[in-house]
Amino acid sequence: MHLEWLRLLAPETIVVVTALIVLMADLTLFRQKPITFRAAVAGMIATLGCLIAIFWLEELSVSQKLGMLSLSPLTQMIKQAILALTIFTALISFSAKFTRHIGEYFALLLVATVGLLFLISSENLLMIFVSLELLSLSLYAMVAFNKASLASSEAALKYFLFGGMAAAFTLYGISLIYGLTGSLELPEIATKLSAQTATPALFLALVMTLIGFAFKLAAAPFHLWAPDAYQGAPTQIASFIASGSKIGSFFVLARILAVGFPQNTGSAAFCSWTSGWAPILALLAVISMLLGNIVAIMQSSVKRLLAYSAIAHGGYALLAFFGTGTRAMSALMFYVITYAITVLGAFAVVAMVENGSNREQMRDFAGLSRRAPVLSACMAVFMLSLAGIPPLAGFFGKFYVFTVALSGPQNLGLLWLVIVAISASAISLYYYLQVLKQIYVADVPAHPAPLDTNVIARGAIVVLAAAVVLMGCLPGPTLEKLATAMAKSIF
Amino acid sequence: MTPLTHYLIFSALLFCIGFAGAMMRRNAILVLIGIELMLNAANLNFIAFWRYGNTEAISGVMFTIFSIAIAAAEAAVGLALVIAIYRHRRTMQMDKFDTLKG
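Residues numbered from 1 in each chain as written. Chains lettered and ligands numbered in written order. Predicted model: local features only at pLDDT ≥ 70, side-chain atom pairs only at ≥ 80, totals over all residues. Heavy atoms only, no water.

## Topic: the side chain of Ser 376 of chain A
Then comes step 1: Residue position: Ser 376 of chain A is located in helix α17 (residues 373-387).
Then comes step 2: Not counting residues within four places of it along the chain, the set of residues in contact with Ser 376 of chain A comprises Leu 368, Ser 369, Ile 439 and Tyr 440 of chain A. (Helix = DSSP H or I, 4+ residues; strand = E, 2+ residues; numbered from the N terminus. Contact = heavy atoms within 4.5 Å.)

Pasting the structure below:
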């Protein structure tokens, strides 16, 4: 039986072992080698480990409960997506210039990935909390990785203090849920709750738990850490926080609400509010969409702009929670995955332009199209996809999420929310085009800073851009894969 | 036996004191202490609920043990970050950390 468990948990084990190998190899064998060589070797090992885990996951499409974990084809698929994003993060870190501690960097990246993998499998509040903290603690340390930069440590400290506070809220909320139901298993919580009437204590517990997750998703008004952390962190790490960690947090939040609290939805329909988690999420979504998009307009730093855009995108994705059933879940996952790919690509382009310096202001992108046409074309794809321009993946993501929100049990009552979302999305086009204006219209400055010319990182960016175009032109296969995985899952 | 509500009121107070400390203190280490207080309030809740509920099922105690370990790890990372920023700034006052804004 234990061997069977080991087989089911092999992907996580493989990633942990890879993290240890990377750390050991870098600290012993390659210590004296030049830094670019060390980064390439460590990145290769990390990529290899993640690839093996992805292929292993392909074999494991079973629905099974495993102690505190619950595996299904859906969780396996989300895990594959996260591992793929980790690989791309590793690839764009090949030319990382912000640290000499290559081994520790890649080991922490892999440990954060393990936290995400467990987060996605777990259906127990204890396991969810432990893996969330594993993820967060690795990310705090990674944000502070550029020891020479004051901004990096400042960003990490702010991220840490907000994160710690959010974790305390979540823990307190979980303790109240435990007190009300006597259980930590999500399905059991749902059965216990269906037998009792909803008390104010339950809503207090729900709100406190949601605060913790809203922080993780950077939903306004719990977004204060996000712009600082994204701007101060080394760009490769910001890309991971915005992509992989976003997918994990959205998935686990959807799971908690759909499996643990299906009776306490409440209603966010216009003028017929009833208490539950839906009105809270509606409020978070509206504030995030408006604040994210409006404040993003005023930004001069591209990383900060992407941070505010991430807040806004978190708001759009929350709309999928108002739908029901597998359709809502697959819309949410399609949206979050396409968003993660796009934003990872956008951050990768920023990393190429800033090239180890801190120059990632709008004006540093001036005339990029003449200096690096391919990179600029990729950036155009990412920006237009984030804005939701039709043939690209971002458009279909938004489209599915909005239709799902309208087809939920409250029907057209949520129309107000979708109208806000669409107008917010129209505002967002302005600042995405500002970036493209700098790239395509502005003149090349007299002495432009040199770009990063790492071939592997550039290749990764092109692949990401191709994925965005492909998932936009042919969203069918991904959606179908999600739907079949969903149909075979217990979720 | 002391009724359960007393424990809950005490832990709620502890949580509020911790939260107030975390929000109002300007020194990074004191903010950290506030966060630890909040975490401990939640731990107290778990133990109280376990003691007054089904004492056979030990998930409440388990959670507390795990969360104490996590809080320790969090304090370690937090102090490391405080040292990292102290090296640059020679201060721990939060309002002096103003490089990032916009």
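## Topic: the side chain of Glu 360 of chain A
All names here are of chain A.
Then comes step 1: Among the secondary structure elements, Glu 360 is positioned in the loop between α15 (325-354) and α16 (368-371).
Then comes step 2: It turns out Glu 360 is buried and unbridged, and the closest side chain with the opposite charge, Lys 303, is 5.2 Å from it.
Then comes step 3: Here Ser 301 takes part through its side chain, which lies 2.8 Å from a polar atom of the side chain of Glu 360.
Then comes step 4: With sequence-adjacent residues up to four places away left out, Glu 360 is seen in contact with Gln 231, Ser 301, Val 302, Lys 303, Val 350, Glu 354 and Phe 365. (Buried < 20%, exposed > 50% of the residue type's maximum accessible area, 1.4 Å probe, protein only. Lys, Arg positive; Asp, Glu negative; His and termini not counted. Salt bridge = Lys/Arg side-chain N within 4 Å of Asp/Glu carboxyl O. Polar contact = N/O pair within 3.5 Å; in protein donor to acceptor, adjacent residues only side chain to side chain.)

## A word on the packing of aromatic side chains
Here a ring pair, both rings aromatic, is described through the centre-centre distance and the interplanar angle of the planes.
Then comes step 1: One pass over the structure, following the stated rule, counts 26 aromatic pairs over all chains.
Then comes step 2: Arranged with centres 5.8 Å apart and planes meeting at 70 degrees, the rings of Phe 30 of chain A and Phe 37 of chain A form a pair that is edge-to-face.
Then comes step 3: Since its relative accessible area comes to 17%, Phe 30 of chain A is described here as buried.
Then comes step 4: Arranged with centres 5.2 Å apart and planes meeting at 85 degrees, the rings of Phe 169 of chain A and Phe 19 of chain B form a pair that is edge-to-face. Here the residue Phe 169 of chain A occupies a position in helix α7 (residues 150-181), and Phe 19 of chain B occupies one in helix α1 (residues 4-24), the pair thus bridging two chains.
Then comes step 5: Residue Phe 19 of chain B is classed as partly exposed on the basis of its relative accessible area, which comes to 29%.
Then comes step 6: An aromatic cluster is defined as three or more aromatic residues linked by ring pairs; in this entry it consists of Tyr 140, Tyr 159, Phe 160, Phe 215, Trp 225, Tyr 230 and Phe 347 of chain A. (Phe/Tyr/Trp six-rings, centres within 6.5 Å; stacked < 30°, edge-to-face > 60°.)

## With respect to the confidence of the model for chain B
Then comes step 1: Taken over all residues, the pLDDT of chain B has a mean of 90, while the share at 70 or more is 99%.
Then comes step 2: As scored by the predictor, the complex reaches a pTM of 0.94 and an ipTM of 0.96. (pLDDT = per-residue confidence, 0-100.)

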